[in-house]
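The primary structure of each chain is shown beneath.
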Amino acid sequence: YITVDNRLFTSNIFQLHARFDNIDGIVVGSKVRLSGVNIGTVKSISLEPENFYALIIMDFYKEFNFPDDTEASVQLESLLGGSYISIIPGGSDVILLNDQEILYTQGSTSLLNLMLKFANTN
């Protein structure tokens, strides 16, 4: 018996995109999580030449009702590397539709920069 992931054949993939100033550790296929649960993956990454922001398109396993003030942030998976996109739903009554943009984003922070900030406060 062969098991098949039905998500591979669905044409109803729900997509959202977001712009980030820094996506260190994010690659095509990186996980998208909500409350620590995998809810999607990064489908594509491109650089916008007019403003040098990274544009990420995310595929979600099913359609979610994300408010339009939802936030997407780049989070470090572990100290050994790897990152994922964390989705934090907002409280708005207006819902994001397929292929719309998450406007509130927070890029990745370099671990080295964080350590240097702590070192300089002493």
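Cut-offs and rules
Residues numbered from 1 in each chain as written. Predicted model: local features only at pLDDT ≥ 70, side-chain atom pairs only at ≥ 80, totals over all residues. Heavy atoms only, no water. Helix = DSSP H or I, 4+ residues; strand = E, 2+ residues; numbered from the N terminus. Buried < 20%, exposed > 50% of the residue type's maximum accessible area, 1.4 Å probe, protein only. Salt bridge = Lys/Arg side-chain N within 4 Å of Asp/Glu carboxyl O. Pairing = 2+ DSSP bridges. Axes fitted to C-alpha atoms, helices over the stretch in contact; angles between N-to-C directions.

**Looking at unusual backbone geometry**
Positive phi, close to 60 degrees, is recorded for Phe52, a residue that is not glycine. Tracing the chain through its elements places Phe52 in the loop between strand E3 (37–47) and strand E4 (54–60). For Asp99, which is not glycine, the phi torsion reads 70 degrees and is therefore positive. Its place among the elements puts Asp99 in the loop between strand E6 (83–88) and strand E7 (100–102). Taking the relative accessible area as the measure of exposure, Asp99 reaches 46% and is therefore partly exposed.

**Comments concerning the pattern of salt bridges**
Taken as a whole, this structure holds 3 salt bridges when the rule is applied. With its nearest N and O atoms 2.8 Å apart, the salt bridge here joins Glu48 to Arg19. Taken together, the residues Glu48 in the loop between E3 and E4 and Arg19 in strand E1 (residues 14–20) connect sequence positions 29 residues apart. Judged by relative accessible area, Arg19 falls into the partly exposed class, the value being 27%. Residue Glu77 is joined to Arg33 by a salt bridge in which the shortest nitrogen-to-oxygen separation is 3.1 Å. One end of the pair, Glu77, is in the loop between strand E5 (71–76) and E6; the other, Arg33, is in strand E2 (residues 31–34), with 44 residues separating them in the sequence. Residue Glu77 is classed as partly exposed on the basis of its relative accessible area, which comes to 40%. One continuous salt-bridge network, built from bridges that share partners, spans Arg19, Glu48 and Glu101.

**Overview of the sheet that holds E3**
A sheet is described by the order of its strands in space; here 8 strands give the open sequence E7-E1-E4-E3-E2-E6-E5-E8, paired in mixed fashion. Each edge of the sheet is formed by a strand with only one pairing partner; in this case those strands are E7 and strand E8 (104–106). Strand-to-strand, the axes of this sheet are offset by a mean angle of 30 degrees, without reference to chain direction. Alignment of E5 against E8, held across 3 bridges, turns out to be parallel. Across the sheet, the residue bridging to Ala72 is Thr105, located in E8.

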